[in-house]
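Overview (structure and organization)
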Amino acid sequence: MTINPKLSDAWLDILADEFQKPYFFSLKEFLLEEKRHYKVYPKGKDIFSAFHRTPFSQIKVVILGQDPYHGAGQAHGLCFSVQDGVVHPPSLKNIFKELHDDIGCDIPLSGMLTHWAEEGVFLLNAVLTVRASEANSHRGKGWEAFTNAVIKKISERKEHVVFILWGRPAQMKAALIDEKKHLILKAPHPSPLSSFRGFFGSKPFSKTNRYLKSQGIEPIRWCL
């Protein structure tokens, strides 16, 4: 497995230093070893899909996930998103329910969120790879250092971005974000275990667009 990101010049300028740090070399070695012995998701070409789909200059919103789906054919590099034809995982079903209840969008047939990414919604997982059938199996191997740097650089170099943080692990990333420059929306995770503790009714989609409009920024077309 290669994790040569082949990013755009803008992303490379921002992240070049991270790719030269010891933790990133260790991460590459870990992934090469994992690939020798296990199935790893997503495919190598899809690991950095969030960066390819959403140019740095176009980021309006950041949604932070935990790690990729670990079932066959699901993950393709965008948090919470699955490939066409794949049954919607429970968390995504709940996201779509809240999307409908919040702003009236029909529940889409496809769980692929590439439209959001192309609208300026940066769909970033804290960990970008996972061993098949083993959730959180690549946690603590270096990805968190990389994605923390990404979040911090977005906070430092941009203004008026909406950061949507669902669940405690995501909410801990708020420490990396300048609340004076950006809007942070926190809610419980959309998984069935926590969605009824405040995810439903949190209205992240309408709140995001209301804030963007208040800053003179074109709102997100959320309906898929």
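Our structure's up above, just so we're on the same page.
The sections below set out a description of the structure shown in this document. (Residues numbered from 1 in each chain as written. Predicted model: local features only at pLDDT ≥ 70, side-chain atom pairs only at ≥ 80, totals over all residues. Heavy atoms only, no water.)

If you trace the backbone, Ser191 turns up in the loop between strand 6 (183-187) and helix 8 (204-214). Among all residues touching Ser191, those that are not within four sequence positions of it are Ser91 and Asn94. (Helix = DSSP H or I, 4+ residues; strand = E, 2+ residues; numbered from the N terminus. Contact = heavy atoms within 4.5 Å.)

In total, this model carries 21 aromatic pairs according to the counting rule given. Relative to Trp143, the ring of Phe24 has its centre 6.3 Å away and its plane inclined at 85 degrees; by these criteria the two rings are edge-to-face. Here Phe24, found in helix 2 (residues 22-37), pairs with Trp143, found in helix 6 (residues 143-157); they are 119 residues apart in sequence, far enough to count as distant. You'll find Phe24 and Trp143 in the same group, each marked buried. Its relative accessible area of 2% is what places Phe24 among the buried residues. For the cation-ring pair, Lys97 lies above Phe200, with the distance from its terminal atom to the ring centre recorded as 4.9 Å. Geometry around Phe56 places Lys158 over its ring, the cationic atom sitting 5.2 Å from the centre. (Phe/Tyr/Trp six-rings, centres within 6.5 Å; stacked < 30°, edge-to-face > 60°. Buried < 20%, exposed > 50% of the residue type's maximum accessible area, 1.4 Å probe, protein only. Lys NZ or Arg CZ within 6 Å of the ring centre and 35° of its normal.)

Relative orientation of the contacting elements helix 4 (residues 90-103) and helix 8 amounts to 55 degrees, with a least axis distance of 7 Å. As the angle between them shows, helix 4 and helix 8 are arranged oblique. On helix 8, the residues touching Ile95, Glu98, Leu99, Asp102 and Ile103 of helix 4 are Pro204, Phe205 and Ser206. (Axes fitted to C-alpha atoms, helices over the stretch in contact; angles between N-to-C directions. Parallel < 35°, antiparallel > 145°, perpendicular 65-115°, else oblique.)

With that settled, consider the state of the cysteines. A full pass over the atoms with the stated rule returns one disulfide. Note on cysteine connectivity: Cys105 is disulfide-linked to Cys223, with sulfurs 1.9 Å apart. Handedness here is read from the sign of the S-S torsion; for Cys105 and Cys223, about -80 degrees, the answer is left-handed. Taken as a pair, Cys105 in the loop between helix 4 and helix 5 (114-119) and Cys223 in the segment after helix 8 lie far apart in primary sequence, 118 residues in all. Looking at Cys105, the relative accessible area reads 1%, which means it is buried. The thiol sulfur of Cys79 is not disulfide-bonded, and the nearest other cysteine sulfur, from Cys105, lies at 17 Å. (Disulfide = S-S within 2.5 Å.)

Glancing now at the packing of helix 1 (residues 9-19) against helix 6. Where helix 1 contacts helix 6, the axes come no closer than 11 Å and their chain directions differ by 140 degrees. Of the possible angle classes, the one that applies to helix 1 and helix 6 is oblique. Here helix 1 and helix 6 pass one another in a crossing that is right-handed. Facing Trp11, Ile14, Leu15, Glu18 and Phe19 of helix 1, the residues of helix 6 in contact are Ala145, Phe146, Ala149, Val150, Lys153, Ile154 and Arg157. Grouping the amino acids of the contact of helix 1 with helix 6 by side-chain chemistry returns nine nonpolar, no polar and three charged. (Left-handed = near helix turned anticlockwise from the far one by under 90°. Nonpolar A, V, L, I, M, F, W, Y, C, P; charged D, E, K, R; others polar.)

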